[in-house]
Amino acid sequence: SDVVVKLLDVNRFEVLDTVKADSNGKLSYKVSIEKGQPEFVYLFHNDKKVASLILQNGDKVSVTADTLGNYTVEGSEESVKLAQIEKEYAEVISKVTSIAYAIQDAKKESEANVLRQELGKTFVEYYRSRVKYVMENPYSLSVIPVFYQNLSPELPVFGQATDAIHFRNAVDSLSTVYPESKYVKALAKEADKRFGYLELQSRIMSAD
């Protein structure tokens, strides 16, 4: 069957190619990547993302995937980190969704309140784990998608004004390793925007 190879161009996907797997489900593909400018590359099957990769010039990566989105990667430390991040994100989304449905189905308000507390606890624990990850992996591009995660359309993981500091610290670290990366430059713009909000908030609070 066909596997579509897509490149993340900062905030949109660009289709690189469609590759047909052989009768054993195997395929190979070569991506052109400039030195010092790793790329986020994704594999899709029937419009479903089945693997996510961060590829650097010279990488030789082996991917084993099924059609459900379960996959393993070898040959790229950055891609292994990205796979783990996506796995943990999928797990917390599943948990949050389950609790949200349980709140809707709750017969008593007291039950709903307990579930809301559990939802809040889940968010706080996940947020802290993502802050820890970002701080422990300052030179890994895998931190970039973490900054843009949402637990719901209205609930970004990094949604506090003070999170601007985490954005800025990540940019400062990544810029020393990947100064020309379009992904790092995009994160720098986001950091600047968030610092603008933080400074505005500080001025408003001091005016009070």
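Each remark here, short or long, concerns the structure printed above.
Criteria and cut-off values
- Residues numbered from 1 in each chain as written.
- Predicted model: local features only at pLDDT ≥ 70, side-chain atom pairs only at ≥ 80, totals over all residues.
- Heavy atoms only, no water.
- Helix = DSSP H or I, 4+ residues; strand = E, 2+ residues; numbered from the N terminus.
- Contact = heavy atoms within 4.5 Å.
- Areas by Shrake-Rupley, 256 points an atom, 1.4 Å probe, with all protein chains shown as cover.
- Lys, Arg positive; Asp, Glu negative; His and termini not counted.
- Charge placed at Lys NZ, Arg CZ, Asp CG, Glu CD.
- Buried < 20%, exposed > 50% of the residue type's maximum accessible area, 1.4 Å probe, protein only.
- Core = buried A, V, L, I, M, F, W, Y, C linked by side-chain atoms within 4.5 Å.

Here's the deal with the overall build of the protein
Move 1: For the protein, the count of helices and strands is five helices and eight strands.
Move 2: When the helices and strands of the protein are placed in sequence order, the string is β-β-β-β-β-β-α-α-α-β-β-α-α.
Move 3: Considering only contacts within the protein whose residues lie at least 6 apart along the sequence, 48% involve residues at least 24 apart.
Move 4: Accessible area for the protein stands at about 12800 Å²; split by element, carbon and sulfur atoms hold 51% of it.
Move 5: Across the protein, the mean location of the 26 positive side-chain charges is 1 Å away from that of the 30 negative side-chain charges.

Regarding the side chain of Glu 190
Move 1: In this structure, Glu 190 sits in helix α5 (residues 182–207).
Move 2: Here Glu 190 falls in the buried class, since its relative accessible area comes to 15%.

Concerning the nonpolar core
Move 1: If you look at the biggest cluster of nonpolar residues, it comprises 46 residues, and the most contacted ones within it are Phe 40, Leu 141, Ile 144, Phe 147, Phe 158, Leu 174 and Leu 187.
Move 2: Leaving out residues up to four positions away in the same chain, Phe 147 has contacts with Val 134, Phe 158, His 166, Phe 167, Ala 170 and Leu 187.

Section: the side chain of Arg 194
Move 1: Mapped onto the secondary structure, Arg 194 falls in helix α5.
Move 2: Other than its neighbours up to four places away in sequence, Arg 194 contacts Phe 158, Gly 159, Gln 160, Asp 163, Ala 164 and Phe 167.

Any functional reading would require information that these geometric values do not contain.
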